[in-house]
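What the coordinates show
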Amino acid sequence: MHGLHASAGVRVHDHPAGHLDRGGGFGLGDALLGTILGVALGYLHPWLPAAAVLVAVVLAGMWTVVQLVRRRVTLRGHIAFGPFLLLGALLALLAWSAS
């Protein structure tokens, strides 16, 4: 039950950021995927959801900078965050299981 509270906290923290962008922010699919991953990872360890979101945000940021430099996306473009959520969850889970 402790992990469930931690995962709910992670979802509350990234929710307001989506409302700052009037262009849409996080979609419903991203929110649902993040919630499901947060609950599942939080069940295993309370800090896994936070680690997964941190890794996802860093990876998405790095990928976005590369795409901006290559002029494949503009500042007003949309980038799917779901794949980064999945990759962040996978990497956090692998790092946790290796320790």
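What counts, and at which threshold
- Residues numbered from 1 in each chain as written.
- Predicted model: local features only at pLDDT ≥ 70, side-chain atom pairs only at ≥ 80, totals over all residues.
- Heavy atoms only, no water.
- Axes fitted to C-alpha atoms, helices over the stretch in contact; angles between N-to-C directions.
- Helix = DSSP H or I, 4+ residues; strand = E, 2+ residues; numbered from the N terminus.
- Parallel < 35°, antiparallel > 145°, perpendicular 65-115°, else oblique.
- Left-handed = near helix turned anticlockwise from the far one by under 90°.
- Contact = heavy atoms within 4.5 Å.
- Nonpolar A, V, L, I, M, F, W, Y, C, P; charged D, E, K, R; others polar.
- Core = buried A, V, L, I, M, F, W, Y, C linked by side-chain atoms within 4.5 Å.
- Buried < 20%, exposed > 50% of the residue type's maximum accessible area, 1.4 Å probe, protein only.
- Phe/Tyr/Trp six-rings, centres within 6.5 Å; stacked < 30°, edge-to-face > 60°.

1. A few points about the packing of helix α3 (residues 48-69) against helix α4 (residues 82-98)
For the pair α3 and α4, the least separation of the axes is 7 Å and the interaxial angle reads 130°. Viewed along their axes, α3 and α4 adopt a mutual orientation that is oblique. Read as a crossing pair, α3 and α4 show a hand that is right-handed. Here L48, A51, A52, V55, A56, L59, A60 and W63 of α3 come into contact with α4, specifically with F84, L85, L87, G88, A89, L91, A92, L93 and W96. Across the contact of α3 with α4, the residue classes break down as 16 nonpolar, one polar and no charged.

2. A closer look at the packing of helix α2 (residues 28-44) against α3
Where α2 meets α3, the closest approach of the two axes is 7 Å, and the angle between their N-to-C directions is 130°. In terms of their interaxial angle, α2 and α3 are classed as oblique. Across the interface between the two elements, G38, L41, G42 and L44 of α2 pack against L48, P49 and A52 of α3. When the residues that make up the contact of α2 with α3 are grouped by side-chain class, the tally is five nonpolar, two polar and no charged.

3. Examining the nonpolar core
In terms of nonpolar packing, the biggest core is built from eleven residues, these being L37, L41, L48, A52, A56, A60, F81, F84, L85, A89 and A92. Listing elements by their share of this core, those giving two or more residues are α2, α3 and α4. In this structure, L37 is in contact with G42, L85, L86 and A89, ignoring residues within four places of it in sequence.

4. Here's the deal with the packing of aromatic side chains
Aromatic ring pairs are defined here through the distance separating the ring centres and the angle between the ring planes. This structure, assessed with the given rule, holds one aromatic pair. Measuring from ring centre to ring centre gives 5.7 Å for W63 and F84, while their planes differ by 55°; the resulting arrangement is tilted. With W63 in helix α3 and F84 in helix α4, this residue pair connects regions lying 21 residues apart in the sequence.

5. Quick word on the environment of L85
Relative to the assigned elements, L85 resides in helix α4. Sequence separation between L85 and A60 is 25 residues, and the spatial gap between their C-alpha atoms is 8.9 Å. Residue contacts for L85: discarding those within four places in its chain leaves D30, L33, G34, L37 and A56.

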